[in-house]
Amino acid sequence: QVQLVESGGGLVQAGGSLRLSCAASGRAFGGYEMAWFRQAPGKEREFVAAISWGGASTYYANSVKGRFTISKRNVKNTSLQMNSLKPEDTATYYCAADASLENVRTSPNYWGQGTQVTVSS
C-alpha cells in the first residue's frame, strides 16, 4: 500500500510561481516511479511530468516544458516547481506513483487526493 499526499497549491497571479510537494508513505515503499497529472475544468486529466526512480531522467508535457521542473528530494518526497504560470495552468494537480516508468505516465496505480492551483490573469 502506498499513500500520497500533495501540498503547496494555492492562488497566484499569471507569471508567478508555486512549488508543489508530494509525500509518500506506506509499508514496503521504494523503487517507485513518480509523476504529476492535472485536471482542469472542462478538460480531461492530462500528464504533466514524471521522474525515474533514480531521479536521473525526467519527462514533461510540451505545454509545461521549460517552465516546470520535477525533482526528488529523497525517495519519499517529490516536488514540482512551477514557474511562469499561466491561467491555463489552473487545475487540480495530482501526484501519482507506479512501479513502471511507462505506466506512471499513462495509468498509475497510486494517486494522491489532489491540490488546487489557480492562476489569475
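Summarised in this report is the structure supplied together with it. The structure displayed is predicted, hence computed values, not measured ones.

### Thoughts on the state of the cysteines
Next, step 1: Enumeration over the complete set of coordinates arrives at one disulfide.
Next, step 2: Across the disulfide, Cys22 is cross-linked to Cys95 (sulfur-sulfur distance 2.0 Å). Measuring the twist about the S-S bond at about -80°, one finds the Cys22-Cys95 disulfide to be left-handed. In this pair, Cys22 sits in strand E3 (residues 18-25) while Cys95 sits in strand E9 (residues 91-98), placing the two residues 73 residues apart along the sequence. Neither Cys22 nor Cys95 differs from the other in exposure class; each is buried.

### Digging into the nonpolar core
Next, step 1: One finds Trp36, Leu80 and Tyr93 to be the most contacted residues of the largest nonpolar core, which totals 34 residues.
Next, step 2: Looking at this core, the elements with two or more residues in it are E3, strand E4 (33-39), strand E5 (46-51), strand E7 (68-74), strand E8 (77-82), E9 and strand E11 (115-120).
Next, step 3: When neighbours within four sequence positions are excluded, Leu80 is seen to be in contact with Leu18, Arg19, Leu20, Trp36, Val48, Ala49, Phe68, Thr69, Ile70 and Tyr93.

### Observations concerning the pairing of E7
Next, step 1: Pairing analysis gives six bridges linking E7 to E8, with the strands arranged antiparallel. Paired with Ser71 across the bridge in E8 is Ser79.
Next, step 2: Remark: two residues form the turn of the hairpin made by E7 and E8, two consecutive strands paired antiparallel.

### Side note on the packing of aromatic side chains
Next, step 1: Under the counting rule described, the total for this entry stands at four aromatic pairs.
Next, step 2: With centroids separated by 6.4 Å and ring planes inclined at 85°, the aromatic side chains of Tyr94 and Trp111 adopt a geometry described as edge-to-face. In this pair, Tyr94 is assigned in strand E9 and Trp111 in strand E10 (residues 110-111), connecting sequence segments 17 residues apart.
Next, step 3: The exposure class assigned to Trp111 is partly exposed, which follows from its relative accessible area of 26%.
Next, step 4: Among the aromatic side chains, those forming a connected cluster through ring pairs are Phe37, Phe47, Tyr94 and Trp111.
Next, step 5: Over the face of the ring belonging to Phe37 we find Arg45, whose NZ or CZ atom lies 5.5 Å from the ring centre.
Next, step 6: For the cation-ring pair, Arg105 lies above Tyr59, with the distance from its terminal atom to the ring centre recorded as 4.2 Å.

### Re the pattern of salt bridges
Next, step 1: Taken as a whole and judged by the stated rule, the model has four salt bridges.
Next, step 2: Where Glu46 meets Arg38, a salt bridge forms, and the shortest distance between an N and an O atom there is 2.8 Å.
Next, step 3: With a relative accessible area of 27%, Glu46 lands in the partly exposed category.
Next, step 4: In this structure Arg38 comes out as buried when scored by relative accessible area, which is 5%.

Basis of the calculations
- Residues numbered from 1 in each chain as written.
- Predicted model: local features only at pLDDT ≥ 70, side-chain atom pairs only at ≥ 80, totals over all residues.
- Heavy atoms only, no water.
- Disulfide = S-S within 2.5 Å.
- Helix = DSSP H or I, 4+ residues; strand = E, 2+ residues; numbered from the N terminus.
- Buried < 20%, exposed > 50% of the residue type's maximum accessible area, 1.4 Å probe, protein only.
- Core = buried A, V, L, I, M, F, W, Y, C linked by side-chain atoms within 4.5 Å.
- Contact = heavy atoms within 4.5 Å.
- Pairing = 2+ DSSP bridges.
- Phe/Tyr/Trp six-rings, centres within 6.5 Å; stacked < 30°, edge-to-face > 60°.
- Lys NZ or Arg CZ within 6 Å of the ring centre and 35° of its normal.
- Salt bridge = Lys/Arg side-chain N within 4 Å of Asp/Glu carboxyl O.

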